[in-house]
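Residues per chain are reported as follows:
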Amino acid sequence: MNDTRLDRLGAGKYLLVTSYRKDGTPVATPVWVVRDADTLGVWTAADSWKVKRIRRRADILAGPCDVRGNPTGEQLPGTAEVVDAATTARYRALIARKYGIVGRLTLLGSRLRRGLDGTVGIRVTLTP
């Protein structure tokens, strides 16, 4: 069952990741998503608020959404963790392959603007 959820979310164009502020307020953010073995990979700016929230509290909700972050399916519980440079590089390669020219141009623009250390990968593991 878990694999079909991962397949569906990993195949989608956007993933809605809901992380939590210190006071428990949920904050939902649409992000690009790739399947990475038995987890999902997300790529984002290293100094983004979602990274700060995830470093402080790992439990999240994840589910399909549209480009504006409107949910298009069930939001599932899981955990998120900021990954190392090698895993972040793998997520970049997977994003470039999945999102084609738009993905490659976005990655290039980000690298020029922020440098390689300006972005991080986030591993999303769904709760069984």
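Up top you'll find the structure we're talking about.
In this text, all values refer to a predicted model and were calculated from it rather than measured experimentally.

Undergrad: Mind laying out the overall build of the protein chain, listing which residues take part and the relevant values?
TA: Looking only at helices and strands, the protein chain has 3 helices and 7 strands in total. Listing each helix as α and each strand as β along the protein chain from the N terminus yields α-β-β-β-β-α-β-β-α-β. Over its C-alpha atoms the protein chain spans a radius of gyration of 14 Å, differing by no more than 12% from the 14 Å that the globule rule assigns to 128 residues. When its C-alpha atoms are laid out on the principal axes, the protein chain stretches across 35 × 30 × 25 Å. When burial is assessed residue by residue, the protein chain has 45% of its 128 residues classed as buried. Sequence separation of at least 24 residues holds for 68% of the intrachain contacts in the protein chain that already meet a minimum separation of 6. Both charge centroids of the protein chain, one from 22 positive and one from 12 negative side chains, sit 7 Å from each other.

Undergrad: Any details on the pairing of strand β1 (residues 14-20)? Residues and values, ideally.
TA: A large share of β1 lies buried, amounting to 7 of its 7 residues. The side-chain alternation of β1 yields two buried faces, one formed by Tyr14, Leu16, Thr18 and Tyr20 and the other by Leu15, Val17 and Ser19. As defined by bridge partners, β1 adjoins strand β2 (residues 26-32) across 7 bridges and the pair is classed as antiparallel. The partner of Leu16 across the bridge, within β2, is Pro30. Hairpin connection of β1 to β2: 5 residues between the antiparallel strands, including Gly24 at a positive phi of 90°. Here β1 pairs with strand β5 (residues 59-64) via 4 bridges, running antiparallel. Looking at the pairing, Thr18 lines up with Leu61 of β5.

Undergrad: Give me the nonpolar core: which residues, what numbers.
TA: Counting 31 residues, the largest nonpolar core has Leu15, Leu40, Ile60, Ile95, Ile122 and Val124 as the members making the most contacts within it. Examining the composition of this core, we find that 6 residues originate from one element, helix α3 (residues 85-114), more than from any other. Each residue touching Leu40, except ones within four places of it in the same chain, is listed here: Leu6, Leu9, Gly10, Leu15, Val33, Val34, Arg35, Tyr91, Ile122, Arg123 and Val124.

Undergrad: Please provide a residue-by-residue account of the environment of Thr125, values included.
TA: With respect to the helices, strands and loops of the structure, Thr125 is situated in strand β7 (residues 119-126). Separated by 78 residues in sequence, Thr125 and Asp47 have C-alpha atoms that sit 22 Å apart. Excluding its chain neighbours within four sequence positions, the residues that come into contact with Thr125 are Thr39, Gly78 and Thr79.

Undergrad: Describe the pattern of salt bridges, with residues and values.
TA: Under the criterion given, the structure shown has 4 salt bridges. Where Arg35 meets Asp7, a salt bridge forms, and the shortest distance between an N and an O atom there is 2.2 Å. Here the residue Arg35 occupies a position in strand β3 (residues 34-36), and Asp7 occupies one in helix α1 (residues 2-11), the gap between them amounting to 28 residues. What makes Arg35 partly exposed here is its relative accessible area of 26%. Among the ionic pairs, Arg57 bridges to Asp59, the shortest N-O distance being 2.7 Å.

Undergrad: Just give me the short version of the packing of aromatic side chains, but keep the residues and values in it.
TA: Enumeration over the complete set of coordinates arrives at 1 aromatic pair. Over the ring of Trp49 we find Lys52, and its NZ or CZ is 4.9 Å from the ring centre. We note Arg57 situated over the ring of Tyr20; from NZ or CZ to the ring centre the distance is 4.1 Å.

Conventions and cut-offs
- Residues numbered from 1 in each chain as written.
- Predicted model: local features only at pLDDT ≥ 70, side-chain atom pairs only at ≥ 80, totals over all residues.
- Heavy atoms only, no water.
- Helix = DSSP H or I, 4+ residues; strand = E, 2+ residues; numbered from the N terminus.
- Rg over C-alpha atoms; globule rule 2.2 N^0.38 Å.
- Buried < 20%, exposed > 50% of the residue type's maximum accessible area, 1.4 Å probe, protein only.
- Contact = heavy atoms within 4.5 Å.
- Lys, Arg positive; Asp, Glu negative; His and termini not counted.
- Charge placed at Lys NZ, Arg CZ, Asp CG, Glu CD.
- Pairing = 2+ DSSP bridges.
- Core = buried A, V, L, I, M, F, W, Y, C linked by side-chain atoms within 4.5 Å.
- Salt bridge = Lys/Arg side-chain N within 4 Å of Asp/Glu carboxyl O.
- Phe/Tyr/Trp six-rings, centres within 6.5 Å; stacked < 30°, edge-to-face > 60°.
- Lys NZ or Arg CZ within 6 Å of the ring centre and 35° of its normal.

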